[in-house]
Amino acid sequence: MNRSNWKRIVVKVGSALIAPNRQGCSSHYLLSIAQFIVRCRSQGIQVVLVSSGSVAAGAHQFPDHSKKNIAVKKAMAAAGQTEMMATWDRLFDFATAQILLTHADLRDRERYVSIRETIFSLLDHDVLPIINENDTVTTDKLKVGDNDNLSAMVAAAADADALIICSDVDGLYDKNPHKHDDAKLLSWVDKIDEKIFAMAGGAEEGGVGTGGMRTKVEAAEKAVSHGIDTFIINGFTELSFNLMLEGQNPGTHFQAHEKPMKENVHWMTHTSNAQGEVVIKKAFTDSLNDSVDSLTSSEILDVKGEFSVGDTILVRREDGQKLAKAKSNYSSCLLNFISSEGNQKFASEFEEKTGPIISEQHIAVLENK
Ligand code: GLU
């Protein structure tokens with residue numbers, strides 16, 4: 001790995017490192033992480049920290065309650081977040097800043113751009129941004145749900161060169177290391193495919209060896225497609241951080257794509273949600289090689305959902321297969337009107353004046369996701 005090129009990194013720390021016994025925060029494991037951050041900064045590398053742990057840190061304030069009760073879980077997050085921030089803050093002699101986000105913030109382009117600007121501004125002033133999901137306000141519809149995926153979205157938003165995900169095992173193994181003595185650590189992954197996801201295991205079974213190895217691989221997939229080298233390392237051992245500082249790889253290194261997606265295409269593919277869909281006539285999609293780079297109303301078979309100008313939409317084949325995510329330059333209402341029978345003449349004149357239905361630069365071809 002070429003650490004000398006790193007200008008900015010994102011470090012993701014999970015709840016087990018913050019509140020190992022669910023009895024409030026402990027700095028036991030955080031000291032070596034904090035030292036790593038300090039040493040990176042002294043080498044001129046900007047750091048953004050994505051820290052979980054608010055629920056685990058706040059749980060001890062609600063001894064008679066289970067986190068299965070959503071309202072109590074949100075209260076735990078609210079109480080634990082301040083405790084967690086205070087713990088991190090004590091470990092640094094420079095300023096820290098708290099940013100709490102939801103998926104609803106990240107998938108809205110205006111808010112996303114504002115988040116990026118805030119992160120850049122904090123980094124320019126040597127303040128360490130500490131980011132978590134805003135658990136008290138999220139609902140199923142609004143949340144990212146796990147901080148691994150959140151850290152990849154943040155790494156993309158921050159234009160990071162590397163994402164370091166601290167786990168409780170050394171990295172990704174070819175099989176569950178807790179069940180198989182001969183499980184081998186994969187030190188390098190250049191392509192994240194089905195086989196790699198199979199090694200990570202399902203979400204419910206907690207992945208190969210630890211909770212959430214699957215979400216870590218999902219995060220790696222998002223980050224590498226933005227040109228961000230991603231590492232899963234053991235956050236419980238100081239050695240991992242010392243090796244990283246020496247330019248060595250202590251865990252699994254997911255290699256960044258050489259030709260990363262453009263920032264806006266990456267955001268559309270991995271962060272934004274489609275607000276609606278357009279279905280393309282078979283005759284038109286038959287002539288395509290799995291991509292679509294322009295679209296006219298005469299090629300549209302159906303418009304689904306309600307969306308406005310500028311929203312992200314899914315472009316589908318008639319057989320239901322996803323073809324692309326794109327920025328719609330037309331509202332669903334207008335598209336319904338101009339693609340209806342009898343309106344062709346008006347539509348072609350209108351499109352000539354108004355421009356393409358979807359913008360070419362916003363098209364992200366989907367590999368059937
Ligand atoms: N946002 C949650 C918390 O701070 C953690 C989510 C996760 O563990 O991925 O407790």
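The following refers to the structure shown.

Reading the values: the criteria
- Residues numbered from 1 in each chain as written.
- Predicted model: local features only at pLDDT ≥ 70, side-chain atom pairs only at ≥ 80, totals over all residues.
- Heavy atoms only, no water.
- Pairing = 2+ DSSP bridges.
- Helix = DSSP H or I, 4+ residues; strand = E, 2+ residues; numbered from the N terminus.
- Contact = heavy atoms within 4.5 Å.
- Axes fitted to C-alpha atoms, helices over the stretch in contact; angles between N-to-C directions.
- Near = heavy atom within 4 Å.
- Polar contact = N/O pair within 3.5 Å; in protein donor to acceptor, adjacent residues only side chain to side chain.
- Areas by Shrake-Rupley, 256 points an atom, 1.4 Å probe, with all protein chains shown as cover.
- 1 Å grid on protein atoms, 1.4 Å probe; cavity = no way out; pocket = protein on both sides within 12 Å on 5 of 7 lines; lining within 4 Å.
- Sits in = over half its atoms within 2 Å of the grid points.
- Nonpolar A, V, L, I, M, F, W, Y, C, P; charged D, E, K, R; others polar.

Spatial strand order, S3-S4-S2-S1-S5-S7-S8-S6: eight strands in an open sheet with mixed pairing. The open sheet has two free edges, formed respectively by strand S3 (96-101) and strand S6 (188-189), since each of these has just one partner strand. As defined by bridge partners, S6 adjoins strand S8 (residues 252-254) across two bridges and the pair is classed as parallel. Looking across to S8, one finds that tryptophan 188 is bridged to histidine 253. Along the sheet, helix H9 (residues 213-224) contacts strand S1 (8-13), strand S5 (162-167), strand S7 (229-234) and S8; its crossing angle with S5, the most-contacted strand, is approximately 175 degrees.

With that settled, consider the site of the ligand. What surrounds the ligand is the set Ser15, Ser52, Gly53, Ser54, Val55, Asn132, Asp135, Asp146 and Asn147. With respect to the ligand, the backbone of glycine 53 contributes an N or O atom lying 3.0 Å from an oxygen atom. At 2.7 Å, a backbone N or O of asparagine 147 approaches an oxygen atom of the ligand. Computed on the free molecule, the ligand has an accessible area of 300 Å², of which 80% lies beneath the protein chains in the complex. Of the pockets mapped on this structure, the ligand occupies the largest pocket. Here the residues of the shell around the ligand sort into one nonpolar, six polar and two charged.

The values are spatial; any link to function lies outside them.
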